[in-house]
Amino acid sequence: MCSSRKLFKDKLKWCQDNQTQIKMDILATHHQAKNFAKFWKSTNKLNPKTGVPAAVDGHCEPVDIANLFRASFKTVKQVPEPVCQVFSTDDRHARREVQVRFSLKEVNHVIKSMTRGKSPGHDGLSIEHLYIKTQDAQFGFKPGLSTESAILCFKHTVKYYVDEKTPVIACFLDLSKAFDTVSYDILWNKMENNTSTPREVIDLFRYWYGHQTNQVRWAGAHSDVYRLDCGVRQGGLSSPRLFNLYMDELIAGLSSTNIGCSVGGTTVNNISYADDMVLLCPSVSALVKLLEICEEYAVAHGLRYNTSKSELLVFKAGNKAFDELPPVSLCGTALKRVTRFKYLGHWVTDTLQDDTDIERERRALAGILYHTRGRLRSGARRAWRPTHGDNVSTARGRRSGGIARRRGRGPPTADRRPATARSPQRADKASYTSFTSAATQPKKS
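Please read these numbers as outputs of a predicted model, since none were measured by experiment.

Rules used in this analysis
- Residues numbered from 1 in each chain as written.
- Predicted model: local features only at pLDDT ≥ 70, side-chain atom pairs only at ≥ 80, totals over all residues.
- Heavy atoms only, no water.
- Helix = DSSP H or I, 4+ residues; strand = E, 2+ residues; numbered from the N terminus.
- Buried < 20%, exposed > 50% of the residue type's maximum accessible area, 1.4 Å probe, protein only.
- Contact = heavy atoms within 4.5 Å.
- Patch = residues over 30% accessible without salt bridge, like charges linked within 9 Å, V, L, I, M, F, W, Y side chains within 5 Å.
- Areas by Shrake-Rupley, 256 points an atom, 1.4 Å probe, with all protein chains shown as cover.
- Salt bridge = Lys/Arg side-chain N within 4 Å of Asp/Glu carboxyl O.
- Axes fitted to C-alpha atoms, helices over the stretch in contact; angles between N-to-C directions.
- Parallel < 35°, antiparallel > 145°, perpendicular 65-115°, else oblique.
- Nonpolar A, V, L, I, M, F, W, Y, C, P; charged D, E, K, R; others polar.
- Phe/Tyr/Trp six-rings, centres within 6.5 Å; stacked < 30°, edge-to-face > 60°.
- Lys NZ or Arg CZ within 6 Å of the ring centre and 35° of its normal.
- Core = buried A, V, L, I, M, F, W, Y, C linked by side-chain atoms within 4.5 Å.
- Pairing = 2+ DSSP bridges.
- Left-handed = near helix turned anticlockwise from the far one by under 90°.

### Describing the overall build of the chain
Reasoning step 1: For the chain, the count of helices and strands is 15 helices and 13 strands.
Reasoning step 2: Counting over 445 residues, the chain shows a buried share of 37%.
Reasoning step 3: A fraction of 70% describes how many contacts in the chain between residues 6 or more apart in sequence connect residues 24 or more apart.

The structure is reproduced here in C-alpha cells:
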C-alpha cells in the first residue's frame, strides 16, 4: 500500500511539473491526427477566462447589466419607409401556391452527407450553401481570393500610374457598423431582382430574419427579448454574401462612370473587401464625383460613413505630387490627408515602399519566435528537474552526458536497471530514458 501511494504521488507530481508539456503533446496529437474539433477545443481550454466586472455604468445586478448591453446592441433602421412587408405563412399561400421541391427527409439526408472540416455558422451547417455573383472589384469572401489579392490589385494599379509619372489619390472609406445596418426590405428586393436565387429560398430568408429574437447573456442572466430591425446575422455563412449583394450596385455604379483610374481600358477606380473600400483617382475632380455617388448610395440604403476613420493618401510620382490638395469632403466633413494607411492589415505608404509592412511582419515573427523559445526552455527545465531518487550532481552529469552524446562522443546505452528502480520521470517518459541513462551508468568494454 505504501509503495502504491508513493508511486501515485510521484506520478502526480510529475504530471504537475510537466502539465504544460502534456498539454502541448495533446495538441500535437490532435493536429497530427487531423482531429481539428478536439484540437481547437483543447486550444480554447488553454486560454484563461477573465472574470466579469462587478459593476458596469453604475449597474450591479447581472440582469440590469444585460439590459444595458441590450440597448447598446439594438440597431435602429435608418431607412424610414419599407419597400416591402414581411408577410406571414398564410399571406404567402394566399398570394401564390408554393411548390415544395424537397422534403424534410431529403434535407436531413443532405445535412448528414456534408463534408466535415469547415467552420459552421450560426445555423450549424458546415457547407457554403449560397452563391451570389458580384462585381469583380469585390474581393471579399470569394473562393480563390483574399486580402492579398486586393492589395496586389491596389498596388499594381497605383504603380501603373506612378510609372507614367502621374500621382494617384487614394481615398479609404470606412462604414460604421456596416453589417448591422443592412435593411432587410432592400436586401430581399435585390435578391429577387438582381440574382437567380429561387423564390422559395428568398422567402426562407425573409421569414428567418423577420422572426428572429435576441437576448444578451451576462454572468448567467439574460436580458429582455428584442428583435432586430436591420443587420445580417453575425457568424452566419450567408451573411458575407448577403452584404456583398447589398453593396454590389454601388461598386457597379462607380465602375460604370469611367472616371478615375483605369488599366488597359478597364476601370479600376474602386477596390473593395467586404465593407473596406478604397477609391483611386488621378485627379481631385474625379474623386469628388465618386464620393458624391457613395454619399447618395449610403443615404438610400441606410448606411453611415465614419469620417474620422476615412482618410486620403496621395502617391507620389517622382517629383510630381499634390503639395496643395484642395479640401475633399465626405458627408460635409473634410477628410484628413495622411502619408501612410493600414489597409486590410498591410501598411501602404505614399512612396509605395514596403519597408513599414516588412518591419511589421518582422516584429510579429520575432514575437512568435520569442514566445516559442520561452515555452521550449520552460519545458526543458521541467524535463531536467531532479526527482526524489536523484541529487544535483546526478542531474548535472545527466545533462553533460546528453550534451556529450549530441556532440558525437559516444552512443547512448540502454538503462539496465529494473523499472521499479527508475524514477517516475524516466519510467513515464521513454524518450528521456535512452537520452539520460548513459550519464549515470558505467560503460562496459
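There is more to say after this.
### Here's the deal with unusual backbone geometry
Reasoning step 1: The backbone of Lys-177 sits at a positive phi, close to 50°, despite the residue not being glycine.
Reasoning step 2: With respect to the helices and strands, the residue Lys-177 is situated in the loop between β1 (168-173) and α8 (184-194).
Reasoning step 3: The phi torsion at Leu-344 lies on the positive side, around 55°, for a residue other than glycine.
Reasoning step 4: Relative to the helices and strands, Leu-344 is located in the loop between β12 (340-343) and β13 (346-349).
Reasoning step 5: Given the relative accessible area of 16%, Leu-344 is considered buried.

### So, a nonpolar patch on the surface
Reasoning step 1: Taken together, the side chains of Phe-102, Leu-104, Val-107 and Ile-111 present a nonpolar region at the surface, about 400 Å² in accessible area.
Reasoning step 2: Structurally, the position occupied by Phe-102 is in the loop between α5 (89-95) and α6 (104-112).

### Considerations on the packing of α8 against helix α10 (residues 239-255)
Reasoning step 1: Between α8 and α10, the least distance of the axes is 10 Å, while the angle of their chain directions is 80°. Comparing their axes, α10 and α8 come out roughly perpendicular. Contacts between α8 and α10 involve Ile-186, Leu-187, Lys-190, Met-191 and Asn-194 on the former and, on the latter, Leu-242, Leu-245, Tyr-246 and Glu-249.
Reasoning step 2: Here the residues of the contact of α8 with α10 are counted per class, giving 6 nonpolar, 1 polar and 2 charged.

### Here we look at the packing of aromatic side chains
Reasoning step 1: By the definition in use, this model includes 17 aromatic pairs.
Reasoning step 2: Ring centres of Phe-154 and Tyr-343 lie 6.0 Å apart, and the angle between their planes is 45°; this geometry places the pair in the tilted category. With Phe-154 in helix α7 (residues 147-163) and Tyr-343 in strand β12, the pair connects residues that are 189 residues apart, well separated along the chain.
Reasoning step 3: Members of the aromatic cluster, joined through ring pairs, are Phe-154, Phe-172, Phe-315, Phe-341 and Tyr-343.
Reasoning step 4: One residue, Arg-340, lies across the ring of Trp-347, its end atom 4.2 Å from the ring centre.

### Topic: the nonpolar core
Reasoning step 1: Of all hydrophobic cores here, the largest spans 44 residues; its most connected members are Leu-173, Leu-279, Leu-287 and Leu-291.
Reasoning step 2: Those elements that provide at least two residues to this core are β1, α8, α9 (199-210), α10, β7 (276-281), α11 (284-300) and β8 (311-315).
Reasoning step 3: Setting aside anything within four residues of it in sequence, one finds Leu-287 in contact with Ile-169, Cys-171, Leu-279, Cys-281, Leu-312 and Val-328.
Reasoning step 4: Grouped together as the second largest cluster of nonpolar side chains are 25 residues, Phe-154, Val-158, Val-162 and Val-278 included.

### Focus: the pairing of β12
Reasoning step 1: Of the two faces of β12, only the one carrying Phe-341 and Tyr-343 is buried; Arg-340 and Lys-342 on the other face are not.
Reasoning step 2: Of the pairings in the sheet, the one linking β12 to β13 comprises 4 bridges and is antiparallel in character. Looking at β13, one finds that Lys-342 is bridged to Trp-347.
Reasoning step 3: Taking the residues between adjacent antiparallel strands as the criterion, β12 and β13 are bridged by 2 residues, where Leu-344 takes a positive phi near 55°.

### Some points on the packing of α10 against α11
Reasoning step 1: In contact at an axis separation of 10 Å, α10 and α11 are set at 155° when each is read in the N-to-C sense. Taken together, α10 and α11 sit at an angle that is classed as roughly antiparallel. Taken as a pair, α10 and α11 cross one another with a handedness that is right-handed. Two secondary-structure elements touch here, α10 through Tyr-246, Met-247, Asp-248, Glu-249, Leu-250 and Leu-254 and α11 through Leu-290, Ile-293, Cys-294 and Tyr-297.

### Points about the sheet that holds β1
Each strand in a sheet pairs with another by means of backbone hydrogen bonds, the pair being arranged parallel or else antiparallel.
Reasoning step 1: One open sheet holds the 5 strands; their spatial order is β6-β7-β1-β8-β11, and the pairing between them is mixed. Two strands in the sheet have a free side with no partner beyond their single neighbour: β6 (270-273) and β11 (336-338). Averaged over all adjacent pairs, the angle separating strand axes in this sheet is 25°, with direction ignored.

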